[in-house]
Amino acid sequence: MQSLTPSQKIWKKFKRNKLAVAGLGFILFMVLMGVLGYHVCTDKSPYANTMYLQLSNKKPMRSFVFFKTEKLSNVEKKGFFHTLLFGQELDYRAMPITDYRFSSDSLFVKEYIGDDELAEESGYSILEVSGKTTISDKDKEDFLQEHVFKQTFYFGTDIYGRDLYSRLILGVRVSLSVGLMAVAISLFIGLSLGAIAGYFGGKIDAAISWFMNVIWALPSLLLVIAISFALGKGFWQIFIAVGLSTWVDVARLVRGQVMALKQVEYVEAAKVLGYSSSRTIIKHLLPNMAGPILVVASANFASAILLETGLSFLGFGAQPPMPSWGSMIKEHYAYIIMDAAYLAILPGLAIMLTVYAFNVLAIGLRDAFDVKGQHTNV
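Below, the structure is looked at part by part. In this text, all values refer to a predicted model and were calculated from it rather than measured experimentally.

**As for the overall build of the chain**
When helices and strands are tallied, the chain shows 16 helices and five strands. Overall, the C-alpha framework of the chain stretches about 100 × 55 × 40 Å when taken along its three principal axes. Burial status across the chain gives 45% buried among its 378 residues. In the chain, of all internal contacts separated by at least 6 residues, the share reaching a separation of at least 24 is 72%. On the chain, roughly 20,200 Å² of surface is accessible, and the fraction owed to carbon and sulfur atoms is 63%. Across the chain, the mean location of the 35 positive side-chain charges is 16 Å away from that of the 30 negative side-chain charges.

Given below as structure tokens:
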């Protein structure tokens with residue numbers, strides 16, 4: 001019987017942890033939603049920022065009929081990939097309506113202004129369809145097809161009448177991109193400083209360890225806010241701020257691993273063969289600690305998402321109109337005690353599930369890379 005490779009053994013053990021596999025599946029689903037972005041949104045405008053103030057705080061699954069009041073001729077139609085990344089600016093202006101009817105050459109529409117009795121009693125607006133005295137049924141049908149459309153708000157609307165579903169989908173991009181870039185920055189700094197401290201030891205180790213302890217003693221959120229003050233508010237600044245606050249975990253882990261591994265035979269052989277210290281660290285030491293690094297990277301991903309949402313909630317993260325789960329909670333947390341609690345619960349639930357998925361993934365990776373138990377479980 002053919003023996004399994006180390007990676008196959010790790011994957012086989014990882015698959016036994018159903019919760020970790022479910023977490024990985026949820027993360028992949030969120031990544032897919034983030035990649036598809038505007039193509040799975042009902043509002044494809046940039047940042048899903050189309051506002052209908054009459055539709056403020058509407059319940060999930062409400063559908064409304066809209067009438068296009070104006071055609072914008074100066075809007076350029078973008079291609080598939082540009083729309084995928086940045087959305088497509090709407091080439092019309094529209095208003096929600098409750099009813100419409102034709103009379104001679106005019107269309108009478110009743111604008112939606114609310115669900116109360118006063119709104120029901122509001123009158124019709126008159127819009128001229130053509131200069132003809134009478135128009136055919138086909139002309140009416142073509143006109144309606146061009147100017148009237150229906151939209152369903154699956155998760156309802158926010159306080160500005162924007163589609164909550166679309167903004168939640170685009171919020172995935174913010175959280176995952178911040179997590180990815182922050183983890184990349186923290187890995188770069190942590191791997192570099194941790195490997196140098198563990199490999200060379202002595203005064204270099206003492207200096208780097210002192211610096212790590214200073215950073216470790218500072219509360220993460222306060223450190224991120226301080227860095228944000230220095231760099232300014234914005235989306236790209238979050239990457240740096242969060243990355244600079246999460247590298248200590250990686251550095252401490254790598255330092256300990258390097259100190260444990262630098263005395264093994266293959267490292268001594270590399271020194272005898274005259275390999276440089278950088279080659280020994282990069283080619284021989286770091287690949288042999290890939291498992292623990294993946295585990296701490298998964299945990300840091302969850303921490304980065306929490307830090308980003310905390311920053312956005314406080315107003316230091318992604319700036320309006322860019323949709324962020326943290327800023328969505330900030331805008332709607334007062335509605336928790338009202339009949340529109342879902343406005344804050346839905347982004348909060350998205351944060352909770354995403355962070356939990358990364359945490360169970362980290363636990364699954366930790367168990368799968370646990371060499372001590374592999375000979376009994378595989």
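After that view, the rundown keeps rolling.
**With respect to a positive patch on the surface**
A cluster of basic residues, Lys 12, Lys 15, Arg 16 and Lys 18, forms a positive patch on the protein surface. Its place among the elements puts Lys 18 in helix 2 (residues 18–36).

**Focus: the environment of Ser 177**
With respect to the element layout, Ser 177 can be found in helix 6 (residues 164–200). Given a relative accessible area of 22%, Ser 177 falls into the partly exposed group. A sequence separation of 143 residues divides Ser 177 from Gly 34, and the C-alpha atoms of the two residues are 9.1 Å apart. Those residues in contact with Ser 177, other than ones at most four positions away along the chain, are Phe 235 and Phe 239. Looking at Ser 177, its side chain comes within polar contact range of the main-chain oxygen of Arg 173, at 2.5 Å.

**Structural notes on a nonpolar patch on the surface**
On the surface, a cluster of nonpolar side chains totalling about 710 Å² of accessible area is made up of Leu 221, Phe 313, Leu 314, Tyr 333, Ile 336, Ile 337 and Met 338. In this fold, Met 338 is placed in the loop between helix 14 (325–332) and helix 15 (342–368). For Met 338, a relative accessible area of 47% translates into the label partly exposed.

**Some remarks on the packing of helix 6 against helix 15**
One can describe the packing of helix 6 onto helix 15 by two numbers: an axis separation of 11 Å at closest approach and a directional angle of 35 degrees. Crossing geometry of helix 6 relative to helix 15 is assigned as right-handed. Along the contact surface, helix 6 presents Leu 164, Leu 168 and Leu 176, while helix 15 presents Tyr 342, Leu 343, Leu 346, Pro 347, Thr 354 and Phe 358. Split by residue class, the contact of helix 6 with helix 15 holds eight nonpolar, one polar and no charged.

**Things to note about the packing of aromatic side chains**
By the definition in use, this model includes 17 aromatic pairs. Geometrically, the ring pair formed by Trp 11 and Phe 14 is stacked, given 5.7 Å between the ring centres and 25 degrees between the ring planes. Of this pair, Trp 11 and Phe 14 both sit in helix 1 (residues 6–15), three residues apart, which is roughly one turn of that helix. Classification of Phe 14 by relative accessible area gives buried; the value is 4%. Consider the rings of Trp 236 and Phe 239, whose centres lie 5.1 Å apart with planes at 85 degrees: the pair is edge-to-face. Of this pair, Trp 236 and Phe 239 both sit in helix 9 (residues 235–245), three residues apart, which is roughly one turn of that helix. Looking at Phe 239, the relative accessible area reads 6%, which means it is buried. Joined through ring pairs, the aromatic side chains of Tyr 52, Phe 64, Phe 66, Tyr 92, Tyr 112, Phe 149 and Phe 153 make up one cluster. The ring centre of Trp 216 lies 4.4 Å from the NZ or CZ of Arg 252, which sits over that ring.

**What to know about the environment of Leu 168**
Topologically, Leu 168 is positioned in helix 6. Judged by its relative accessible area of 9%, Leu 168 is buried. Here the alpha-carbon distance between Leu 168 and Pro 347, two residues 179 residues apart in the chain, equals 6.7 Å. Excluding residues within four positions of it along the chain, Leu 168 makes contact with Phe 155, Trp 325, Met 328, Leu 346 and Pro 347.

So, how was this worked out
Sequence order sets the numbering: in each chain, residues are counted from 1 along the sequence as written. Side-chain atom pairs in this predicted model are given and counted only at pLDDT of 80 or more, local residue features only at pLDDT of at least 70, and totals for whole chains, interfaces and linings cover all residues. To obtain the side-chain values, all non-hydrogen atoms of the structure were included, while hydrogens and water were left out. Under the scheme used here, helices are H or I runs from DSSP no shorter than 4 residues and strands are E runs no shorter than 2 residues, and both carry numbers assigned from the N terminus. Here the term buried applies to any residue with accessible area under 20% of the maximum for its type, exposed to any over 50%, and partly exposed to those in between, with areas from a 1.4 Å probe on protein chains only. Contact definition: two residues touch when any of their heavy atoms are within 4.5 Å. Note that accessible areas follow from Shrake-Rupley with a 1.4 Å probe, and for residues the cover is restricted to the protein chains shown. When charges are counted, neither His nor the chain ends are considered; positive counts come from Lys and Arg and negative counts from Asp and Glu. A charged residue contributes its charge at one atom only: NZ of Lys, CZ of Arg, CG of Asp or CD of Glu. Patch construction takes residues with relative accessible area above 30% that form no salt bridge. Like charges are linked within 9 Å, and nonpolar side chains (Val, Leu, Ile, Met, Phe, Trp, Tyr) are linked within 5 Å. Think of a salt bridge as a Lys or Arg side-chain nitrogen and an Asp or Glu carboxyl oxygen that are within 4 Å of each other. Two N or O atoms form a polar contact when they lie within 3.5 Å of each other; inside protein one atom must be a possible hydrogen donor and the other a possible acceptor, and for residues adjacent in sequence the pair counts only when both atoms belong to side chains. Angles run from 0 to 180 degrees between N-to-C directions of axes, and those axes are lines fitted to C-alpha atoms, restricted for helices to the stretch in contact. Less than a right angle of anticlockwise turn of the near helix away from the far helix marks a crossing as left-handed, whereas a clockwise turn marks it as right-handed. Classification used: nonpolar for Ala, Val, Leu, Ile, Met, Phe, Trp, Tyr, Cys and Pro, charged for Asp, Glu, Lys and Arg, polar for all others including Gly. In this scheme Phe, Tyr and Trp rings, the latter by its six-membered ring, pair at centre separations within 6.5 Å, and the angle between planes marks the pair as stacked below 30 degrees, edge-to-face above 60, and tilted otherwise. Consider the ring centre and the ring normal. A charge sits over the ring if Lys NZ or Arg CZ is within 6 Å of that centre and within 35 degrees of that normal.

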